[in-house]
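So you can see what is in the structure, the chains are spelled out below.
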Amino acid sequence: MQQIAVIGAGTMGNGIAHVFAQNGFKVNLIDVSAPALEKALQTIDKNLERQLTKGTITEEIRQQTLQQITTCTDIPNGVRSADLVVEAATENTDLKLKIFRELDQHAPAGAILATNTSSISITKIAAVTQRPDKVIGMHFMNPVPVMKLVEIINGYATDKAVTAVIVALSEQLGKVPCVVNDYPGFVANRILMPMINEAIYTLYEGVAGVAEIDTVMKLGMAHPMGPLQLADFIGLDVCLSIMRVLQDGFGNPKYAPCPLLVNMVTAGYLGAKTGEGFYKYEKGSKELVVSGRFSS
């Protein structure tokens, strides 16, 4: 496997492209937006510079990584020689189904089609293709160049040989693969999102403030980041979307999103990417400024 196509030039897409390219794969990064592609290349270069400064890579590796990446603004041309396609578009079911129909039509017959979805059914995505046995979940963690885990999700029809290829490939990238089955939220978000939702309920019900909730989880449970700050980094809209996937998938009221989360997303307070969620952030960065509207 040599040629990788990555769909989507956002945070996850550029991180996935970075990791594959750094490990010697040729990568075609695909996005309908040319400015998004340019921004992605700048982000990859900046992250490589950070690695260089820390001494984890050499200047030669930095240059080679950048040379391994090409860009494209349309799927048909971008995937026609791909051995593996990794879709990392927005976490929207209709969009992903549309992309996979197109991928199935234009990618080589033997190509594996993977999705970086954090919660949407692999089986549902695979069902719109003529190759459900070659569709799999490849859920990287953010930031991709740093985080070791890849949650590999088997759809109902995923071939075991395909799973074995993706496990071996993840190890080749220096990642730790963890194979799970296709049920709402998989493992990572089935456990993480209800915890975040419960933290929001704890704030909503006046049990404690934002800083107190996050401090308890950081110092008491050894979490590197509190659940409310983590929610801001993930994006409150993404958190809400995943909670609704869990609620719809299981039909259990315990997965109902907190009304405060719903209100914040409706109002456009989505976390670090909009400058404010449970905390406020410096414009264009995830640097914390003040506690935000929930501070006393």
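Residues numbered from 1 in each chain as written. Predicted model: local features only at pLDDT ≥ 70, side-chain atom pairs only at ≥ 80, totals over all residues. Heavy atoms only, no water.

Going by what an unreviewed UniProt entry lists, the protein is known as 3-hydroxybutyryl-CoA dehydrogenase and is assigned to Chitinophaga agri. Checking UniProt for the protein, the heading Sequence similarities (unreviewed entry) contains the comment "Belongs to the 3-hydroxyacyl-CoA dehydrogenase family." (UniProt positions renumbered as here; feature names shortened; annotations may be inferred.)

S.K.: How would you sum up the sheet that holds strand 7 (residues 149-154)? Please name residues and give values.
M.R.: With mixed pairing, the eight strands of this open sheet are ordered in space as 3-2-1-4-5-6-7-8. In the strand order of this sheet, the two ends are held by strand 3 (69-72) and strand 8 (176-181), each with one partner. Between one strand axis and the next, the sheet turns by 25 degrees as a mean value, whatever way the strands run. Note: strand 7 against strand 8, six bridges, orientation parallel. When the sheet's bridge partners are listed, Asn154 is paired in strand 8 with Asn181. (Pairing = 2+ DSSP bridges. Helix = DSSP H or I, 4+ residues; strand = E, 2+ residues; numbered from the N terminus. Axes fitted to C-alpha atoms, helices over the stretch in contact; angles between N-to-C directions.)

S.K.: So, the UniProt feature "binding site: NAD(+)" (unreviewed entry) in the protein: which residues are in play, and what are the values?
M.R.: Using the residue numbers shown here, the UniProt feature "binding site: NAD(+)" (unreviewed entry) corresponds to Gly8, Ala9, Gly10, Thr11, Met12, Gly13, Asp31, Glu91, Lys96, Ser118, Asn142 and Lys273. Inspection of the secondary structure puts Glu91 in the loop between strand 4 (84-87) and helix 5 (93-106). Since its relative accessible area comes to 18%, Glu91 is described here as buried. The contact partners of Glu91, leaving out residues within four places of it in the chain, are Lys96, Thr117, Ser118, Ser119, Ile120 and Ser241. Looking at Glu91, its side chain comes within polar contact range of the main-chain nitrogen of Ser118, at 3.1 Å. (Buried < 20%, exposed > 50% of the residue type's maximum accessible area, 1.4 Å probe, protein only. Contact = heavy atoms within 4.5 Å. Polar contact = N/O pair within 3.5 Å; in protein donor to acceptor, adjacent residues only side chain to side chain.)

S.K.: Give me the lowdown on the side chain of Thr163, citing residues and values where you can.
M.R.: Its location among the elements puts Thr163 in helix 7 (residues 160-172). Residue classification places Thr163 among the buried residues on the basis of a relative accessible area of 9%. With near-sequence residues (within four places) excluded, Thr163 lies in contact with Ile136, Ile152, Asn154, Thr158 and Val179.

S.K.: Describe the packing of helix 9 (residues 210-221) against helix 10 (residues 227-234), naming the residues involved and giving the relevant values.
M.R.: At a minimum axis separation of 7 Å, helix 9 and helix 10 run at an interaxial angle of 100 degrees. Classified by the interaxial angle, the pair formed by helix 9 and helix 10 is roughly perpendicular. Contacts from Val210, Ile213, Asp214 and Met217 of helix 9 reach helix 10 at Pro227, Leu228 and Gln229. A per-class count over the contact of helix 9 with helix 10 returns five nonpolar, one polar and one charged. (Parallel < 35°, antiparallel > 145°, perpendicular 65-115°, else oblique. Nonpolar A, V, L, I, M, F, W, Y, C, P; charged D, E, K, R; others polar.)

S.K.: Give me the lowdown on the UniProt feature "site: Important for catalytic activity" (unreviewed entry) in the protein, citing residues and values where you can.
M.R.: If you check UniProt for "site: Important for catalytic activity" (unreviewed entry), the listed places come out as His139 in our numbering. For His139, the location among the structural elements is in strand 6 (residues 135-140). Taking the relative accessible area as the measure of exposure, His139 reaches 7% and is therefore buried. Among the polar contacts made by the side chain of His139, one reaches the side chain of Glu151 at a distance of 2.8 Å.

S.K.: Could you give me a rundown of a positive patch on the surface, with the residues and numbers involved?
M.R.: On the surface, Lys39, Lys46, Arg50 and Lys54 cluster together into a patch of positive charge. Counting through the fold element by element, Lys39 comes out in helix 2 (residues 34-54). Lys39 sits in the exposed class, given a relative accessible area of 58%. (Patch = residues over 30% accessible without salt bridge, like charges linked within 9 Å, V, L, I, M, F, W, Y side chains within 5 Å. Areas by Shrake-Rupley, 256 points an atom, 1.4 Å probe, with all protein chains shown as cover. Salt bridge = Lys/Arg side-chain N within 4 Å of Asp/Glu carboxyl O. Lys, Arg positive; Asp, Glu negative; His and termini not counted. Charge placed at Lys NZ, Arg CZ, Asp CG, Glu CD.)

S.K.: I'd like to hear about the pairing of strand 6, residue by residue, with values.
M.R.: The buried count for strand 6 comes to six of six residues, which makes it a mostly enclosed element. By the alternation rule, side chains of strand 6 split into Val135, Gly137 and His139 and Ile136, Met138 and Phe140, which are all buried. Both strand 5 (residues 112-115) and strand 6 contribute to a ladder of three bridges, which runs parallel. In the strand pairing of strand 6, Ala114 is matched with Ile136.

S.K.: Tell me about the domain arrangement of the protein, and please be specific about residues and values.
M.R.: Here the protein is partitioned into domain 1 (3-181) and domain 2 (189-290). Relative placement of domain 1 and domain 2: their C-alpha centres are 26 Å apart. Summed over both partners, the interface of domain 1 with domain 2 buries about 400 Å², with 47% contributed by carbon and sulfur atoms. The largest per-residue losses of area from domain 1 upon contact with domain 2 belong to Glu91, Ser118 and Ser119, which jointly make up 73% of the total buried on that side. Viewed at the interface, domain 2 and domain 1 are joined by zero salt bridges. For the interface between domain 1 and domain 2, the tally reads one residue pair in polar contact (both at pLDDT 80 or more). Partitioned by chemical class, the residues of the side of domain 1 that touches domain 2 number no nonpolar, four polar and one charged. (Domains from an automatic or database assignment. Buried area = accessible area lost by both parts, 1.4 Å probe.)

S.K.: Go over unusual backbone geometry, please, and point to the residues and values.
M.R.: Residue Pro143 follows Asn142 across a cis peptide bond; omega there is 0 degrees. Within the secondary structure, Pro143 sits in the loop between strand 6 and strand 7. Positioned with a positive phi, Phe186 is a non-glycine residue whose angle comes to about 55 degrees. Mapped onto the elements, Phe186 comes out in the loop between strand 8 and helix 8 (188-204). Assessed through its relative accessible area of 4%, Phe186 is described here as buried. Its identity is not glycine, yet Ala222 carries a phi of approximately 60 degrees, on the positive side. On the accessibility criterion, Ala222 (66% relative accessible area) is exposed.

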